[in-house]
Amino acid sequence: MNYNLNKPSDKQEQKVSTFALMRKLLGLIGEERRNLILALGAILVNATLSLLGTYLVGHTIDTYIQTKQYHGVLVFAGILLTLYIVAFFVNFIQMRLMGGVGQRMLFSLRNALFNKLQELPVDFFNQNKVGDLISRINNDTDKVNQFFSQSLMQFLGSIFTMLGAGIFLLSINFQLGLAALSPALIVYVFTKIVSPWVKHRNAASLKSTGYLSAEIQESLANFKVIIAFDRRDYFRKRFEAANKQNYTKSVQAGIANNIFMPVYTLAANIGQLIVLSLGIYLILQGNFTLGLLISFIAYVSNFYNPLRQLAALWANFQVAMAGWDRISQILSLETNLHVVESTKTITSTSFLSFQNVTFKYPNGKEVLHKVSFDLERGKTYAFVGPTGGGKTTTASLIARLYDTTKGTILIDGNDIRSYTPEERSRIIGFILQEPFLFSGTVRENILYGNPEYYKLNNEQLTEEIKNAGLESLLEHFAQGLDTKIQTTGDGISLGQKQLIAFMRAVLRKPELLILDEATANIDTMTEQLLDEILKKLPESTTLVIIAHRLNTIENADDIFFVNTGKVIHAGSLSDAVNMLLHEKNES
Amino acid sequence: MYFAKVLSDVMQRSKTKPTTTGPKKANVFRMLKPYGGMVAFLVVMALLGNGINLLIPKIIGRAIDAFSAGHFIMKVVLLEFFIAAVAIFIITYFQNIIQTYASERVAKNLRSQVSAKISRQSYTYILRSNPSKLLTNLTSDIDSVKMFVAQAFVILISSVFVILGTCTLLILINWKLALAVISIVPIIGSTFFLIFRKLRVLFRRGREIIDSLNKVINESIMGSALIRVLNSQQPESMKFMETNTRSRDNGLAILRLFATLIPIIMFVSNLAVVTILALGGHYVVAGTMSLGDFAAFNSYLMMLIFPILMIGFMSNIIAQASASYQRISDVLEAPETSETGTIITQIKGDILLKNVSLLYDDKPILKDISFSIKAGSRTAIIGPTAAGKSQLLYLLTKLISPNSGSIEFDGINIAEYTNELFHSQIGFVFQDSVIFNMSLRENIAFNDKVTNESLEKAIATAELTDFIESLPDKLDTIVSERGTSLSGGQKQRIMLARALAINPKILLLDDFTSRVDQKTESKILCNLDKNYPDLTLLSVTQKIAPIRHFEQIILLMEGEVIATGTHKELKESSPEYAQIYNSQRSTHYYEL
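Residues numbered from 1 in each chain as written. Chains lettered and ligands numbered in written order. Predicted model: local features only at pLDDT ≥ 70, side-chain atom pairs only at ≥ 80, totals over all residues.

### What about the confidence of the model for chain A?
- Per-residue confidence for chain A gives a mean pLDDT of 82; residues scoring 70 or more make up 92%.
- Within chain A, strand β9 (residues 512-516) of chain A carries the highest mean pLDDT (90), whereas helix α1 (residues 18-28) of chain A carries the lowest (68). (pLDDT = per-residue confidence, 0-100. Helix = DSSP H or I, 4+ residues; strand = E, 2+ residues; numbered from the N terminus.)

Below is the structure:
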């Protein structure tokens, strides 16, 4: 599956109709249907009350003020007041309901997006930029929300009023009514033609916003290099380029969005003009009266005023649809790592078995070619080889961060793909080459992904840590378990991060533990300590150690040499060393 | 006039008063000052558009009058009407276009200002102020301000004009009734003011929640591999949902206020209608007011209510923009680390540290460090994890500054060198890999003064030639931080090439060889000797074997220098060093 959101394959780019998009969107807010209907009801009541109010004022003037009956004036003022009090509450309810729908929709939309991100494999994150994804989750959802919470009801209200006014016009005088409405037809055709272009421009604008966000995010995350290489201008330059592009695209989108209003207004004016001239013509023909013409002109504005409102709303709608496109692009992605039925076609007695595994990264070259090897329970294996040889890839396949291109991986004789993620992660522990810490405390990071220990207090946890022989590692942190970790662990050293990753993995007691250069930045004294800890793991624990330092692998039961797409079994440590020294470096 | 007063207050305050205590209150109106001409033009256009709009009914009215009077000339009416309609079309279109340009330009310039400001800041500032927040500042916050310019500002100003005009008309017709009606304005004004104050706080909180949302998303993406290895997608979703819930609740709180504000404004406006009906009706009945005046009063009231409502609706945007603008100006007004250095002499490479101490959150990281390094020599720093080795290198790169003590290169405090000169002579290979999403060439020749020749030399020294040759696009291959295309060792060698490409006088290696295999490592060290003979090398490392023949080895433990000397000397004099050395001896045979 192609996971690059900014370079969609042709299939993914296929046009989806606005209507289908809307339906999908409405599906997301299914449980809000009741609130929507209520809000709609409130809007209708509100509109009626407001019309009624205007009518009552006119009636009072006509019947009481003109005839100087002050008592009647007071009575109707009282009625009007009551009416407005009711309107106050209806108004309040309407806003609360509609705004609530909008907020909750934004909430579910963001959750849906984030959960989708969690479903997607590592591959997806390799192909998309953080800043762009953030922009989609925050900015694009907000655009959709703005339309829904602020414009949708107005939108529907305007359409209702227009329909009502239109029918009214036609019923008074069909001929004149038809003439009065004819510019609306032009507006309709115009909107139909122009909308895709407007949406397209908005899509480009949102895309450039995503790009800008990605640019900022990358620069901020790598700020130390920017300073150390005195490239503050680099940040500015890259940013200015993105900023300028964003400006151009936004202006283009803004101009497109603003095309509706003047055209709609022009149509409204032309409508009035048509009514005026045709009306006068009809009067001259003797088919119409001046009084009727005057009121007809007033009704025409009842039709065209909401139409003008629609102009602004329609532009919002196009923005929202463009945002929704970008969101649904993510929502339509599926993971390529499905759990499959276990098919016992190949039998294997070993704990872990690679059978003719070939792997290549998307658009990359082949990293592993027809690799086969077996690992037994309780043994320690070392994977050595030059950089770029495929060690990390092999480990990633064991942890099923990717699926093989060809061939199978078996755990206990079952296809690795037949294990659920829960089962797999319980069996396999993987200390990644690049340790990652979440902002919070050392405690939270050690317990990350280990809910069993969440409820333990610090003393109990320290006890567990002691049992695992890890307590001396905590000494490397000034405030022990409560040492604060800043965003992405800036401020603590790589060695410390590796210690946390180590503790995290060991406490989970996996059956197979992979250490991918997991101790590369830890001093040799502490490293000896880690070796001791690993030795104390249960007998049945299988260890896979990827390292350059030979001391870390000299205790291995078996050594594999990984290079140029092959995984070769090395007979002895000196064999491995020979290979390391004499094999040609592929990279 | 309440709104006019608010407005003038606002403009006034922006000119004169820097508020007494606390952070300076930023005013979103002040920001518009440089765009005065454009803004004035916009307001004129808006008023003109509205004015001509009022002409249309007039033309129709006159036409009907003329028709009933019998001297109706179709041509004239058509012409008048046509001109008015086209004028409206042109004016609204231009107004919209200018509004778009104005708002986008404000946004663009603000972004430039903020990014320029950030680019002048120190590394510590970026860490402290949290990159997630700066991202919100540059995106969502500026968007809110943009929205204010694009939608709220012109409506606000023209509404105030219309309100003022209508009030004057009302007073001219009947001042007693006018006063009764105008009394709604301060009521609405104070409601608006009260709610606006609360709204501002909530909007600010809303932005802070967006910051945390950004952080959760950011971490879930950066840590995506770990999350999948540990199968902790569920807790991540919970974490996100928690923050998202706060966001929703805050949104609902804003909504509650807003849903109170608008109905109140509407209700109070409607009260004015009732007042006119009852009081005006009384005047008409009593004969102190003509029916015509009464009718006029009624229609003007509608003209008064509409802009008040508009201001109400715009309050959302205004409150949001002012909260956002406050956050933006906090960034813009943060004190800068100004460039103090003036010295531009080339650095030879003599390094001297005198009593350098460094605190981090009040806990000592480095304690009273002193040592010297001769130009052209090779020095290694070894020591346990968390001894403060990386921080020491950060100090030498001016990324952070010491709390006390001095660092001198060639006898001159490093603060006195200009940044440009300083950084162009110091090559720093970070412990963790930082790869930008661009071509390999741009990644390595990161400093734009790098010549092709020094680029080639750096690539050869870092043993990257074969790797680059194997790529389809060679040096123009686009790489990325989280891309799968690079192994750990390759990334580390790219970092080395990046540092070497600037032809540094001093090279700082932070645990460089940790991910590079033995064979490549020894080749690289050999290349360094050959290609950069005058280089002063300072290498933080774990392995003693490759650095045994270095001129100086510094043993750093818990932020203190424990011992300094050559390998031979330390082996004899320092028990700690001997212990580390022995811990590596068992595998000594295999180290080459």
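So that's the structure; there's more coming.
### Some thoughts on the domain arrangement of chain A
- Here chain A is described as being made up of domain 1 (18-331) and domain 2 (352-582).
- Its C-alpha centre places domain 1 of chain A at a distance of 54 Å from the equivalent point of domain 2 of chain A. (Domains from an automatic or database assignment.)

### Let's talk about the sheet that holds strand β5 (residues 414-415) of chain A
Residue and element names in this part refer to chain A.
- Strand order in the open sheet formed by four strands is β2-β1-β4-β5, with antiparallel pairing between adjacent strands. Looking at strand neighbours, the two that pair on one side only are β2 (366-375) and β5, the edges of this open sheet.
- As paired strands, strand β4 (residues 406-411) and β5 are joined by two bridges and run antiparallel to one another. Its bridge partner lying in β5, Leu410 is registered against Asp415.
- On the sheet, helix α11 (residues 391-398) packs against β1 (352-360), β2 and β4 and is oriented at approximately 120° with respect to β1. (Pairing = 2+ DSSP bridges. Contact = placed C-beta atoms within 7 Å. Axes fitted to C-alpha atoms, helices over the stretch in contact; angles between N-to-C directions.)

### Describing the sheet that holds strand β3 (residues 378-382) of chain B
All names here are of chain B.
- Overall, mixed pairing links the six strands, which are arranged β6-β9-β10-β3-β11-β12 in an open sheet. Each end of this open sheet is capped by a strand with a single partner; those strands are β6 (426-429) and β12 (560-565). Sheet twist, expressed as the mean angle between neighbouring strand axes with direction ignored, is 15°.
- The pairing of strand β9 (residues 506-510) with strand β10 (residues 536-540) spans five bridges and is classified as parallel. Note that in β10 the partner of Leu508 across the bridge is Leu538.
- Contacting β3, β6, β9, β10 and β11 (552-557), helix α11 (residues 389-396) crosses the sheet at an angle of about 155° to β9.
- The strands touched by helix α16 (residues 488-500) within the sheet are β6 and β9, with β6 carrying the most contacts at an inclination of about 175°.

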